[in-house]
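Observations on chain architecture
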Amino acid sequence: MRQRPDTLSSLSPQEALKSLLDSRKLNPDTFDVNFYLGKALVEQKEFEKAIPLLKKAITINNDVPECYATIGRAYYLSKKYKESLPYLRKALDTNPEDKELLFSMADALNESGTPDRAIKVFMHLRPDPVYGAQSCLAAGIYHTRCNQLEAAIKDFEIGTKHENTPLDTFELEFMPMEMKAYLRNNGFSFSKKACEFAVSHMKRENKSTGKAEKIEPYSKSKAEELLEKSGVKLE
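Residues numbered from 1 in each chain as written. Predicted model: local features only at pLDDT ≥ 70, side-chain atom pairs only at ≥ 80, totals over all residues. Heavy atoms only, no water.

Points about the packing of aromatic side chains
Just so we agree on the cut-off: Between rings of Phe, Tyr and Trp, where Trp is taken as its six-membered ring, a pair exists when centres lie within 6.5 Å; planes separated by under 30 degrees are stacked, by over 60 edge-to-face, and by other angles tilted. For a ring to carry a charge above it, either NZ of a lysine or CZ of an arginine must fall within 6 Å of the ring centroid while also lying within 35 degrees of the normal to the ring plane.
Here the structure, examined in full by the defined rule, presents seven aromatic pairs. Among the aromatic residues, those joined into a ring-pair cluster are F31, F35 and Y36. One cation-aromatic arrangement involves K90 over Y68; the distance from NZ or CZ to the ring centre is 5.7 Å.

Here we look at the side chain of D107
How we decide: Each helix is a run of DSSP H or I of at least 4 residues and each strand a run of E of at least 2, with the numbering of both proceeding from the N terminus. Relative accessibility under 20% of the residue-type maximum defines a buried residue, over 50% an exposed one, and the middle range a partly exposed one, all with a 1.4 Å probe and only protein chains included. Only four residue types enter the charge count, namely Lys and Arg as positive and Asp and Glu as negative; His and the chain termini do not. A side-chain nitrogen of Lys or Arg and a carboxyl oxygen of Asp or Glu constitute a salt bridge if their distance falls within 4 Å. Whether two residues touch is decided by their heavy atoms; if any such pair falls within 4.5 Å, the residues are in contact.
Within the fold, D107 resides in helix α7 (residues 99–111). Of the side chains with opposite charge, K79 lies nearest to the buried D107, which makes no salt bridge, at 7.6 Å. Beyond its immediate sequence surroundings of up to four residues, D107 is in contact with Y76 and F122.

Observations regarding helix α4 (residues 47–60)
Going by this rule: Working rule for helices: expected span equals 1.5 Å times residues minus one.
End to end, α4 covers 20 Å across 14 residues, agreeing with the expected 20 Å (1.5 Å per residue, within 8%). All buried positions along α4 are accounted for by F47, A50, I51, L53, L54, A57 and I58.

Notes on the pattern of salt bridges
Considering all chains together, one arrives at five salt bridges under this definition. Here E100 ties to R73 by a salt bridge, and the two come within 3.3 Å at their closest N and O atoms. Of this pair, E100 sits in helix α7 while R73 sits in helix α5 (residues 65–77); the two residues are 27 residues apart in sequence, bridging distant segments of the chain. Between D155 and R126 there is a salt bridge, and its shortest N-O distance comes to 2.6 Å.

Points about the environment of G132
Looking at the element boundaries, G132 is found in helix α9 (residues 132–145). Looking at G132, the relative accessible area reads 0%, which means it is buried. A sequence separation of 30 residues divides G132 from H162, and the C-alpha atoms of the two residues are 7.2 Å apart. With residues up to four places along the chain from it excluded, the contact list for G132 reads L125, R126 and H162.

Points about the side chain of D128
Within the secondary structure, D128 is located in the loop between α8 (115–125) and α9. When sequence neighbours within four positions are dropped, the list of residues in contact with D128 reads K99, A133 and H162.

Some thoughts on unusual backbone geometry
Its identity as a non-glycine residue notwithstanding, K79 has a phi of 65°, on the positive side. Of the residues examined, K79 reaches a relative accessible area of 61% and is grouped as exposed. Residue N147 is not a glycine yet carries a positive backbone phi of 60°. Locating N147 in the fold gives a position in the loop between α9 and α10 (149–160).

Focus: the environment of Y76
In this structure, Y76 sits in helix α5. By relative accessible area, which is 13% here, Y76 ends up buried. Separated by 12 residues in sequence, Y76 and L88 have C-alpha atoms that sit 9.0 Å apart. With sequence-adjacent residues up to four places away left out, Y76 is seen in contact with Y81, S84, F103, S104, D107 and A108.

Describing α8
Residues spaced three or four apart along an α-helix face the same direction, because each turn holds 3.6 residues. When we look at burial in α8, the residues that qualify are A118, I119, V121, F122 and L125. Residues of α8 that are buried in the fold lie against α7 and α9.

A short note on the confidence of the model for the protein
Here is the rule we go by: For every residue, the pLDDT score states the predictor's confidence, bounded by 0 at the bottom and 100 at the top.
Confidence in the prediction for the protein averages 77 pLDDT; 68% of positions are at 70 or higher. Segment residues 165–175 is flagged for pLDDT under 50; beyond a separation of four residues in sequence, or across chains, it makes 28 contacts in the model. Confidence drops under pLDDT 50 across residues 187–191; counting only partners more than four residues distant or on other chains, this segment forms five contacts.

If you want it as structure tokens, here you go:
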């Protein structure tokens, strides 16, 4: 990774950004100023401002892999998936095992309408502690849509093992249709973890706010308590 200039390392992000902006006014055509200013703007989520600076840096020096990775990330995070792909691929040429770049490329391919090209990467990433659960979900959705339900079930089962990995990247408003397909074809005979995995992606509309909120599952004891209060007795 290209080292940040020592003069910036001791500054806060806001101070570093101001220093870089001032430097660019004096030296608009140097690689370091454009690259580090672009990178700082990406960190501030100012993607539209960052991308032209990073492109300028590449025109000055096209032999810095981190610059390609940074502009690819900027495009990806701003949901310009097709535009991100050539830069992500270029960065992966130098660092093919970078898991963040791999996941970003697979997700960008998926979002660009070419999931067939993404599935191998998602499956490769399934065991990864950071990107594994998200990759399992994406792979499961792909396999279900291809009517490969056994493969989809395997994806979901691997995903349930990533207990501490947040999956809120996938903003699914209600139960995923993939899990509905699983239930339709296999009934409710799946494991507790698979059930928890499915419920974690269910949402319902809060009538007072109009927003979708996560569903909190009832425990067995809570369900029995509600049934008893309602006078329902299960034989």
